[in-house]
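# Residue-level structure breakdown
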Amino acid sequence: MERRIFAISLFLVAFFAPGILAGVCNMTGLWRNDLGSVLNLNEIENYKLKGKFLTAVEAAKGEAGSDRRARVIGIKNNGKEPTFSMSVAWDGGSITSWVGQCLMLEDGQQILRTTWLLRSPATNLLEDWKSTRIGQDTFRQINGDIPQGIHQKSVNL
Ligand SMILES: *[C@@H]1O[C@H](CO)[C@@H](O)[C@H](O)[C@H]1NC(C)=O
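These numbers come from a predicted model, not from an experiment.

Taken together, the eight strands give a closed barrel; going around it, the order is β1-β2-β3-β4-β5-β6-β7-β8, and neighbouring strands pair in antiparallel fashion. Ignoring strand direction, the axes of neighbouring strands in this sheet form an average angle of 30°. By the bridge criterion, three bridges tie strand β1 (residues 29-33) to strand β8 (residues 132-141) in an arrangement that is antiparallel. Paired with R32 across the two strands is R140, which belongs to β8.

Here is the structure:
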């Protein structure tokens with residue numbers, strides 16, 4: 001009887017411990033997307049996101065401002081794999097907004113799967129139709145490593 005309880009307990013621990021250890025998606029930290037842009041995020045009071053974004057690309061020269069860096073503001077849901085949205089207003093006049101979800105991979109890594117809209121300022125109404133781009137982007141956690149091609153100074157947001 002005792003042995004059986006022990007076996008059942010062991011089974012339960014083996015099955016459920018990894019899930020418990022895996023915990024919930026923690027969006028605080030350094031992230032890099034497919035294009036090499038770097039995002040430094042902080043979760044605040046479990047529903048707000050604040051941070052800095054350093055873009056590796058821009059739709060038109062100068063659109064992201066001279067240092068290609070801007071503040072990020074967002075909002076997130078609670079839960080193990082929360083959905084969120086965040087936005088950046090670039091010095092050059094454009095705006096990017098992402099909606100997405102923080103997802104856990106089986107190896108314990110976290111990713112941010114996002115869809116974004118980028119609005120560039122139209123100089124007049126005739127240009128309005130071509131002023132919004134859409135795309136998809138996955139951010140992966142950097143874990144303190146400095147991404148290649150970006151100087152440490154730049155990542156120190
Ligand atoms: C999330 O990660 C940050 C940075 O690693 C850490 O300081 C913070 O305590 C973590 N939050 C939770 C709820 O685990």
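That shown, we press on.
Another aspect to go through is the nonpolar core. In this structure, W31, L39, L41, L49, F53 and V72 are the most contacted members of the largest nonpolar core, which totals 21 residues. Looking at this core, the elements with two or more residues in it are β1, β2 (38-44), β3 (48-54), β4 (69-76), β5 (83-89) and β6 (95-104). Those residues in contact with W31, other than ones at most four positions away along the chain, are L39, L41, L112, F139, R140, Q141 and I142.

Notably, E45 is not glycine yet its phi reads approximately 50°, a positive angle. Structurally, the position occupied by E45 is in the loop between β2 and β3. Overall, the presence of 5 C-beta atoms within 10 Å leaves E45 in the exposed class.

Right, let's get into the environment of A122. Structurally, A122 is set in the loop between β7 (110-119) and β8. Residue class for A122 comes out partly exposed when judged on the 13 C-beta atoms lying within 10 Å of it. When the C-alpha atoms of A122 and T132 are compared, they prove to be 9.3 Å apart, with ten residues separating the residues in sequence. Look past the residues within four positions of A122 in its chain and what remains in contact with it is E127, D128 and S131.

Moving on to the pairing of β6. Relative to β6, β5 runs antiparallel, the two sharing seven bridges. Across the sheet, S85 pairs through a bridge with V99, a residue of β6. What sits between the antiparallel neighbours β5 and β6 is a turn of five residues, in which G93 has the positive phi angle 110°. Here β6 pairs with β7 via ten bridges, running antiparallel. Each residue of the ladder has a partner; that of S97, found in β7, is L117.

Let's shift gears to the environment of L30. Within the element layout of this structure, L30 appears in strand β1. C-alpha of L30 to C-alpha of R140: the two residues are 110 residues apart in sequence and 8.5 Å apart in space.

This part takes up the pairing of β3. Sheet topology note: the β2/β3 ladder contains seven bridges and is antiparallel. Across the sheet, the residue bridging to L41 is G51, located in β3. Linking two consecutive strands that pair antiparallel, namely β2 and β3, is a turn of three residues; a positive phi of about 50° is found at E45 within it. Where β3 lies against β4, seven bridges are found, and the strand directions are antiparallel. Bridging from a neighbouring strand, G51 pairs with V72 of β4.

Here is what the cut-offs are and how they apply
Residues numbered from 1 in each chain as written. Predicted model: local features only at pLDDT ≥ 70, side-chain atom pairs only at ≥ 80, totals over all residues. Pairing = 2+ DSSP bridges. Helix = DSSP H or I, 4+ residues; strand = E, 2+ residues; numbered from the N terminus. Axes fitted to C-alpha atoms, helices over the stretch in contact; angles between N-to-C directions. Core = buried A, V, L, I, M, F, W, Y, C linked by C-beta atoms within 7 Å. Buried ≥ 20, exposed ≤ 12 C-beta atoms within 10 Å, placed from the backbone. Contact = placed C-beta atoms within 7 Å.

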